[in-house]
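# Reading the structure
Okay, here's what each chain looks like letter by letter:
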Amino acid sequence: MSTQESWPTRFEAELMRLGVPGPRARRLTEDTAAQAAEHAADPAGLFGPAHLYARHLVAELSAPVDPPPRFATAGPVLLHLSGVGKRFRRRTVFQDVDLTVRGGQVAAIVGANGCGKSTLLRICAGLTRPDTGTVHRTRRVGYVPQDGGTAGWLTADEHFALFGAAAGVVPRRARSTGAHLAARLAWRPDPGQRAQQLSGGTRQKLNLVLGELHSPDLLLLDEPYQGFDQGTYLDFWRQVHAWRDAGRAVVVVTHLLHDLGNVDHVLDLGER
């Protein structure tokens, strides 16, 4: 039996030994294997010994997350979903989804591939209509898609001016604001470089800047760190915490299980 075959088996067995129900343990094992495949890495090399990573994961999932005291109760509700459901043709993607996020809180949407995480985020943003339930959101929303969101023939400065104009921000201010936000992600845009010439990680930085350019109260982020190196990934979470400290609400779609220690709420679509 090879390491790649035996590591998931040991990991799932340890999860079940620690009290995780069988279906939940299998899904966590599948998600972990998918993460390793995305990094083209052996699970043991990426996560360490199976039994130790299982214990670490169970501890992360069961540990309570203390929200910032300033906004734990006083922050206004900026996003509220009640009984939300979505169907495509004859297939129910999800149903009876409830979620409330206040200012100063971060929520994560997790679940296996195909469970509807991105669709739910688009519903939160008002880009897709739910088939059932209600959605109430603040007016100022920033949405960062997992793919797309930029025009390949425009430079970063041109993106800043274009998106700024849509929010009523004059071009000069939009460009300076965009440059300032980019610096927080350790990125200094080249004035003559078009978006199509950027690496995947840098284009995703551009998406993040565009999502924050108009100072939204609610930020909706769909796996926004794709292509980031470790340093930029840490910069990203520092920025999320800064948004939270400023009283904004953040919803992040993620498949990285260790991200859950950074959030106040976890909505697991895979358990519905």
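In what follows, the structure referred to is the one given above.
Quick look at the structure, then. (Residues numbered from 1 in each chain as written. Predicted model: local features only at pLDDT ≥ 70, side-chain atom pairs only at ≥ 80, totals over all residues. Heavy atoms only, no water.)

### Let's talk about unusual backbone geometry
Under the convention used in this document: Helix and strand labels come from DSSP, where a helix needs a run of H or I of at least four residues and a strand needs a run of E of at least two; each type is numbered from the N terminus. When accessible area is computed with a 1.4 Å probe and restricted to protein chains, residues below 20% of their type maximum are described as buried, those above 50% as exposed, and intermediate ones as partly exposed.
Phi angles above zero are rare outside glycine, and arginine 89 is one such case at about 60 degrees. On the secondary structure map, arginine 89 appears in the loop between β1 (77-88) and β2 (91-102). Using a relative accessible area of 85% as the deciding quantity, one classes arginine 89 as exposed. Unlike most non-glycine residues, aspartate 96 shows phi in positive territory, near 55 degrees. Within the secondary structure layout, aspartate 96 lies in strand β2. Residue aspartate 96 is classed as partly exposed on the basis of its relative accessible area, which comes to 48%.

### Here's the deal with the sheet that holds strand β4 (residues 132-137)
For the record, the criterion: Strand pairing is defined by DSSP finding a minimum of two bridges between the two strands. Here, axes are lines fitted to C-alpha atoms. For helices the fit covers the stretch in contact, and angles between N-to-C directions go from 0 to 180 degrees. Contact definition: two residues touch when any of their heavy atoms are within 4.5 Å.
Here three strands make up an open sheet; going across it, the order is β2-β1-β4 and the pairing antiparallel. Each of the sheet's edge strands pairs with one partner strand only, and the pair in question is β2 and β4. For this sheet, the mean angle separating the axes of adjacent strands, direction not counted, is 15 degrees. Sheet analysis places β1 next to β4, joined by five bridges and oriented antiparallel. Residue pairing for β4: leucine 81 is matched across the bridge by valine 135. Contacts between helix α5 (residues 117-125) and the sheet are confined to β1, β2 and β4, with β1 contributing the most and set at about 130 degrees to the helix.

### Some points on the pairing of strand β7 (residues 249-253)
Counting buried positions over the five residues of β7 gives five, a clear majority of the element. With burial as the criterion, each face of β7 is covered, one bearing Ala249, Val251 and Val253 and the other bearing Val250 and Val252. Bridge count between strand β3 (residues 106-110) and β7: four bridges; the pairing is parallel. Bridging from a neighbouring strand, valine 106 pairs with valine 250 of β7. Here strand β6 (residues 218-222) pairs with β7 via five bridges, running parallel. When the bridges of β7 are listed, leucine 221 appears paired with valine 252.

### Some details on the packing of aromatic side chains
Aromatic rings considered in pairs are described by the distance between their centres and by the relative angle of their planes. Which entries qualify depends on this criterion: Aromatic contacts are taken between Phe, Tyr and Trp rings whose centres are within 6.5 Å, Trp giving its six-membered ring; a plane angle under 30 degrees counts as stacked, one over 60 as edge-to-face, and the others as tilted.
Taken as a whole and judged by the stated rule, the model has four aromatic pairs. Here the aromatic rings of tyrosine 225 and phenylalanine 236 are separated by 6.0 Å at their centres, their planes lie at 65 degrees, and the arrangement is edge-to-face. Taken together, the residues span a long stretch of sequence, with tyrosine 225 in the loop between β6 and α9 (230-245) and phenylalanine 236 in helix α9 at a distance of eleven residues. Where phenylalanine 236 meets tryptophan 237, the ring centres are 5.2 Å apart and the plane angle is 70 degrees; that geometry is what we call edge-to-face.

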